[in-house]
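Next come the chains, spelled out residue by residue.
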Amino acid sequence: MDNNKLKIRLDKLRKEFGDVVAVNDINLDIYEGDFLTLLGPSGCGKTTTLRAISGLEEASGGKIFIDNHLVFSKKDEVFVAPSKRNLGLIFQSYALWPHMTVYENIAFGLKVKKLPSGEVAKKVKAILEDVQLDEYGERYPSELSGGQQQRVAIARMLVNQPQIFLMDEPLSNLDAQLRMEMRSELKQLHTRTKATTIYVTHDQEEAMTLSTRICVMNEGIIRQVGTPEEIYSRPADIFVASFISNPKMNFFIGKVENIKDKTFIEAGGFSIEIPSGIVGARKELRLAVRPEDFYVSDKGVPYTVQTRLPTGRSQIVMVGNQSGASITLLFNTEVNIQADDIIHLSIKQEKYHLFDNDSGKRLN
Amino acid sequence: MGSAGMEVPAVGGSPLLRKWIRNLTMPQRVIGLLLLVLLVFFVIMPAINIVYTSLTFSLSDRRLPQVVDRGLEVVPGEFTTIHLERVFWSKLTKKMFLIPLRNTLIITLGLTALSMLIGSTLAWLVVRTNLPWKRGIANFASIPYIIPSWPIALAWISVFKNTKLGGNPGWFQYIFKVPPPDWISYGPLPIIITLSLHYYAFSFITVSGALASIDSRLEETAELMGASKFRVMRKITLPLVMPALMSAFILTFSKGIGTFGTPAFLGLPVRFFTLSTQVYSNVKNNLPGDAYLLAIVMILISSITIYMNAKVIGARRSFVTISGKGFTAKLVNLRKFRWIVFALVILFILIFVIGPLYILTWQTFMEVDGDYSLRNFTLHYWIGPDGATGRLGQLLGEGQAGILRNSEIWRAAWNSIRLALTVSILAAILGVLLGYAIVRGRGTKLSKSLDSLSFAPYVFPGIAFGAVYLGMFAKRIGPIPALYGTFALLVLVSLAKRLPFSSRTGTAAMLQVDKELEEAGVLVGAGFFRRFMKIIFPLTKSGFMAGILLSFITTMRELSLIVLLVTPSTKVLTTMIFRYTEGGYHQYGDAITMFVVMISLVGTLIIRKAQKTDLSKGIGG
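Residues numbered from 1 in each chain as written. Chains lettered and ligands numbered in written order. Predicted model: local features only at pLDDT ≥ 70, side-chain atom pairs only at ≥ 80, totals over all residues.

### As for the overall build of chain B
Secondary structure assignment for chain B yields 26 helices and zero strands. The principal-axis extents of the C-alpha atoms in chain B amount to approximately 105 × 75 × 50 Å. Across the 621 residues in chain B, those meeting the buried criterion constitute 43%. (Helix = DSSP H or I, 4+ residues; strand = E, 2+ residues; numbered from the N terminus. Buried ≥ 20, exposed ≤ 12 C-beta atoms within 10 Å, placed from the backbone.)

In structure tokens, the structure reads:
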């Protein structure tokens, strides 16, 4: 990644609303051509970060650089107007002007730039063809479907030829099926334009499928930045591990046992040998295992099946034991299980995550 | 992480200067600050002035007995407690303060109770039962809300006035040949009844709204658990409409405190004073200090009411009843009572809504007041010429022409229309700007102070507000010349009194314009003016227009606010009605009243039509 050109840099960016710190001194580098997703639960500061980059929200501290230019600095009172930052934004609501036709919506920015009307018409027509809405220029936004509205929003952004695309949960207003469709359209858009894109969502699946890199945020702090694979396979802390998991991650309190020169973790009846040296002097730590990382084996730990939720393609199975431990499992449908069955579970090789009890940071 | 490769480029000028320039070019800040100055002038200065005047001497105090007896030297502007003493601690206290206060409270509580009873009963019938012809009933029931409050009082006078107090007999005495007792003709009872017949519309509208938003499944769930109808009403329905009832109570009560026209028409003939008519009479008798103290009392009462409202229901102002798709409203079957109730409701509308207007209209066609026979019919009071004589050779209306041919009335009508037009347009513009500054600046101190300052005139009863403006603008202040007797003063005071309404509607309209719609304009570099004209204004236009019309109607029918401020050259229709009725020329007063009623009704119809067509235009995708 470092070979790529740095496009945007956030340097100790901070935003407060009254007493609430929405964004807490974050540092983030975004490279040319990145599709970077800001991912986190609502109120984590992701949208605020996006809006600070756009300039629609003025941050309370720190610096923002775009293309080597300082566009915001609290200390130096530098603030470059949003329209001069060379970026486009697709809003959560799309913010299509309801009293203007599709054509007028797209042409508005060009007219502001005082382009000759012939050129405006040519550009709008071309972009409408691009998004396959050439028949819809005279319609009002309310006369379009959700997917078409989204394409108008994209067209309105593209027509101004921004170098950076910002997207604020653009798919959250669509129904499930359309969301899938638009997701692939957005991905194509990025592949085609190669424009640096910052995308905000709380939907982990959306983030995983679209992004080149994901930045997980919580409570105004960046918890982890990495490729989707990195985030999934090596979550940096307990928050990331539990947030990026569906069904939910299984957490156990693990006891550290040293037998001769080997180190074991005892948790929920399981005993896992771990490389010694990573636990230090800890007596206790957190063990996390994804629902899909268990398998049934004769040598496994016995658990009783409580509920089974078939989804068609797979099944989610909740199991428990007498000592009160409960586990969520994800199996394919070939595994034949009924409620009240007793099954013996094992954890797949190396598919476990260890976290420090207090800091929540990853250990292995 | 350093900033290697991304060095801070040199920027000219000092950071502090840049900060100031940026702050001062943020549209909501600039507009907000300008509005703040305006509001201080409109609201804070009058408030200071009213306290100042009541605590200092004015020239007219020279003739006060307390001053003469004690040989006090009156220096205008010097501090004195003489007014405090006169109003609160002298032998005048009872007559000037305690009795009017008692009367005000009796009337306000009485009318609030009666109007809430009528209003919520009607609301329940219309919204929650299978009463026939509900739309029509709802429309007719909201007529009193549209027209001014005093026509009903005038109608009451023409029906129940008696000859004991002089003048011609009313309809009642004409039919039954006995004069009705004084307590029916004038005083608290008729005031309470006639005001309730106007103010019940507040409860009707707010309670209907609340009832309509209750999903009847909430009640059905309780019924399924075995709760009786009465228990359901008490435990489910009532708590859900409680916020609406409370706000109807507050609205009616605070309006009632300040009401002027009706207590003046029905109270003054028997020297029944309320605080508002007492303020009026004090000002007329050139006792501004005493008048202002009473005005302060009125303001305190309404402030306390509103404060209590915020305390009592602040936390649960409105319930969000969560309901999925398929909102259902099951109607209560009135069964065999359906048509009986319907007949009663129709009777109510005929007698109390249509009746007063009918009587007033009839009266304008009577040559001699009090003679209800056909031979007494005349069109003189509408279209008669100057100096016309009647059947008995008497000069009609002291020789004045009918209202449609009367240049004085035309002048007043022109003043009314000019005033209403100016005020409504300015109020709407002010409203949009206030809404913008308040909504976009949300969370800032500026936004909060604009919001509360613009609400402040709400607690000033009309007559008190008028009195304050009278005092404040009687003399030159700074660059502003003395405005007493000018049209500009009427505009100012009406505009200031409309502020709460303007800012509420402006804020509501602005809240409907998603911030992102404007930001999408910011991103492509559209400046504030362009965003305002191309995005914000088109999206708030229908609310803006409705606001103009509503302000137009309200200003058109305003009496208490301006009754103290008009002079012969600035008189308007409502003050003409007041003068004519006071002078016993009921036909003239009633004819003009019907004119104002017509304007109000037609205007409201236009608003409703316009809003409907606007909604179907598909704005708000």
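From this point, things continue past the structure.
### Some thoughts on the overall build of chain A
Across its full length, chain A holds eight helices and 20 strands. Expressed as lengths along the three principal axes of its C-alpha atoms, the size of chain A is roughly 80 × 50 × 40 Å. Counting only residues that meet the buried cut, chain A has 42% of its 364 residues in that class. Here the analysis covers contacts within chain A between residues at least 6 apart in sequence; of these, 64% occur between residues at least 24 apart. (Contact = placed C-beta atoms within 7 Å.)

### Quick notes on the domain arrangement of chain A
Domains assigned within chain A are domain 1 (6-236) and domain 2 (250-355). On a C-alpha basis, the centres of domain 1 of chain A and domain 2 of chain A stand 40 Å from each other. (Domains from an automatic or database assignment.)

### A word on the pairing of strand β18 (residues 326-332) of chain A
Residues and elements named next belong to chain A. Here β18 shows one buried face, formed by Ile 327, Leu 329 and Phe 331, and one open face, formed by Ser 326, Thr 328, Leu 330 and Asn 332. Strand direction decides the pairing type here: strand β17 (residues 314-320) and β18, joined by seven bridges, are antiparallel. Bridge pairing in β18 places Gly 320 opposite Ser 326. Adjacent in sequence and paired antiparallel, β17 and β18 are bridged by five residues, among which Gly 324 carries a positive phi angle near 95°. (Pairing = 2+ DSSP bridges.)

### Looking at the interface of chain B and chain A
In this assembly, 30 residues from chain B lie in contact with 34 residues from chain A. Only α1 (15-24), α23 (515-523) and α24 (528-556) of chain B provide two or more residues apiece to the side of chain B that touches chain A. No other element matches α23(B), which puts six residues into the side of chain B that touches chain A. Residue composition of the side of chain B that touches chain A, grouped by class: 16 nonpolar, seven polar and seven charged. (Nonpolar A, V, L, I, M, F, W, Y, C, P; charged D, E, K, R; others polar.)

### Details of the sheet that holds strand β11 (residues 221-226) of chain A
Residue and element names in this part refer to chain A. Strand order in this open sheet of six strands is β7-β8-β9-β3-β10-β11, and the pairing throughout is mixed. Each end of this open sheet is capped by a strand with a single partner; those strands are β7 (87-90) and β11. Here the strands of the sheet are splayed against their neighbours by 15° on average, with no regard to which way each runs. Sheet topology places β7 next to strand β8 (residues 164-168); four bridges connect them, and they run parallel. (Axes fitted to C-alpha atoms, helices over the stretch in contact; angles between N-to-C directions.)

### Looking at the domain arrangement of chain B
Residue and element names in this part refer to chain B. Annotation of chain B at the domain level lists domain 1 (26-38 + 407-621) and domain 2 (98-320 + 334-358). A C-alpha centroid distance of 25 Å is found between domain 1 and domain 2. Contact with domain 1, which involves 26 residues of that partner, is made by 27 residues of domain 2. Elements with a minimum of two residues in the side of domain 1 that touches domain 2: α21 (462-472) and α26 (586-615). Among the elements that take part in the side of domain 1 that touches domain 2, α26 stands out by supplying nine residues, more than any other. A class-by-class count of the residues in the side of domain 1 that touches domain 2 yields 14 nonpolar, 10 polar and two charged.

### Quick notes on the sheet that holds strand β19 (residues 342-347) of chain A
The pairing of strands in a sheet happens through backbone hydrogen bonds and is either parallel or antiparallel. Residue and element names in this part refer to chain A. With antiparallel pairing, the four strands of this open sheet are ordered in space as β18-β17-β16-β19. Each of the sheet's edge strands pairs with one partner strand only, and the pair in question is β18 and β19. Strand-to-strand, the axes of this sheet are offset by a mean angle of 55°, without reference to chain direction.

### Notes on helix α22 (residues 487-512) of chain B
Compared with the 38 Å implied by 1.5 Å per residue over 26 residues, the 35 Å span of α22(B) between its first and last C-alpha is a close match. Along α22(B), the sharpest change in direction is near 50° and occurs at Leu499(B); proline Pro500(B) comes one to four residues later. (Expected span 1.5 Å × (residues − 1). Bend = angle between axes of the 7 residues up to and from the residue.)

### So, the nonpolar core
All names here are of chain B. In this structure, Ala 295 and Ala 467 are the most contacted members of the largest nonpolar core, which totals 247 residues. Top element by residues in this core is helix α19 (residues 407-440). It accounts for 16 residues. Filtering out sequence-adjacent residues up to four positions away, Ala 467 remains in contact with Val 279, Val 283, Ala 291, Tyr 292, Ala 295 and Leu 564. (Core = buried A, V, L, I, M, F, W, Y, C linked by C-beta atoms within 7 Å.)

### Observations regarding the packing of helix α8 (residues 150-160) of chain B against helix α17 (residues 338-364) of chain B
In a packed pair of helices, the relevant descriptors are the angle between the two axes and the axis-to-axis distance. Residue and element names in this part refer to chain B. At a closest axis distance of 9 Å, the pairing of α8 and α17 adopts a crossing angle of 65°. As α8 runs across α17, the sense of the crossing is left-handed. Note on element contacts: α17 touches α8 through Pro 356, Leu 357, Ile 359, Leu 360 and Gln 363, opposite Pro 151, Ile 152, Leu 154, Ala 155, Ser 158 and Val 159. Taken together, the residues that form the contact of α8 with α17 break down as nine nonpolar, two polar and no charged. (Left-handed = near helix turned anticlockwise from the far one by under 90°.)

### Some words on the environment of Ala113(B)
Residues and elements named next belong to chain B. By the element assignment, Ala 113 lies in helix α5 (residues 93-128). On the neighbour-count criterion, Ala 113 (14 C-beta atoms within 10 Å) is partly exposed. Residues Ala 113 and Ile 236 lie 123 residues apart in sequence; the distance between their C-alpha atoms is 22 Å.

### Comments concerning helix α20 (residues 445-455) of chain B
Within an α-helix, residues lying three or four positions from one another point in the same direction, as the helix has 3.6 residues per turn. Residues and elements named next belong to chain B. Every buried residue of α20 is listed here: Leu 450, Leu 453 and Ser 454. Seen along its axis, α20 keeps its buried residues to an arc of 95°; they face one direction. Of the exposed residues in α20, those oriented more than 90 degrees away from the buried face are Lys 445 and Ser 452. Buried residues along α20 sit against α2 (27-54), α19 and α22. (Arc of directions from axis to C-beta.)

### Details of the pairing of strand β14 (residues 270-274) of chain A
Residue and element names in this part refer to chain A. When strand β13 (residues 262-267) meets β14, the two strands line up antiparallel, connected through five bridges. Bridge assignment links Phe 264 to a residue of β14, and that residue is Glu 273. Turn length for the β13-β14 hairpin, with the two strands adjacent in sequence and antiparallel, is two residues, and the turn residue Gly 268 shows positive phi of about 55°.

### Examining the confidence of the model for chain B
All names here are of chain B. Summing up the model confidence of chain B, the mean pLDDT is 85 and the portion of residues at 70 or higher is 93%. Below pLDDT 50 for its whole length, residues 315-326 participates in 10 contacts with residues either more than four positions away or in separate chains. Taken as a whole, residues 613-621 scores under 50 in pLDDT and shows 10 contacts with residues more than four places along the chain or in a different chain. (pLDDT = per-residue confidence, 0-100.)

### Thoughts on the environment of Phe331(A)
Residue and element names in this part refer to chain A. Tracing the sequence through the fold places Phe 331 in strand β18. Of the residues examined, Phe 331 has 20 C-beta atoms within 10 Å and is grouped as buried. The contact partners of Phe 331, leaving out residues within four places of it in the chain, are Ser 314, Gln 315 and Val 317.

### Thoughts on unusual backbone geometry
Note: most peptide bonds trans; most residues except glycine with negative phi. Residue Asn246(A) is joined to Pro247(A) through a cis peptide bond whose omega torsion reads -5°. By secondary structure assignment, the location of Pro247(A) is in the loop between α8 (238-243) and β12 (250-259). Of note, the phi angle at Asp340(A) is positive, near 75°, even though the residue is not glycine. Relative to the elements of secondary structure, Asp340(A) occurs in the loop between β18 and β19. The backbone of Asn286(B) shows a phi angle near 60°, a positive value even though the residue is not glycine. Mapped onto the elements, Asn286(B) comes out in the loop between α15 (275-284) and α16 (288-313).

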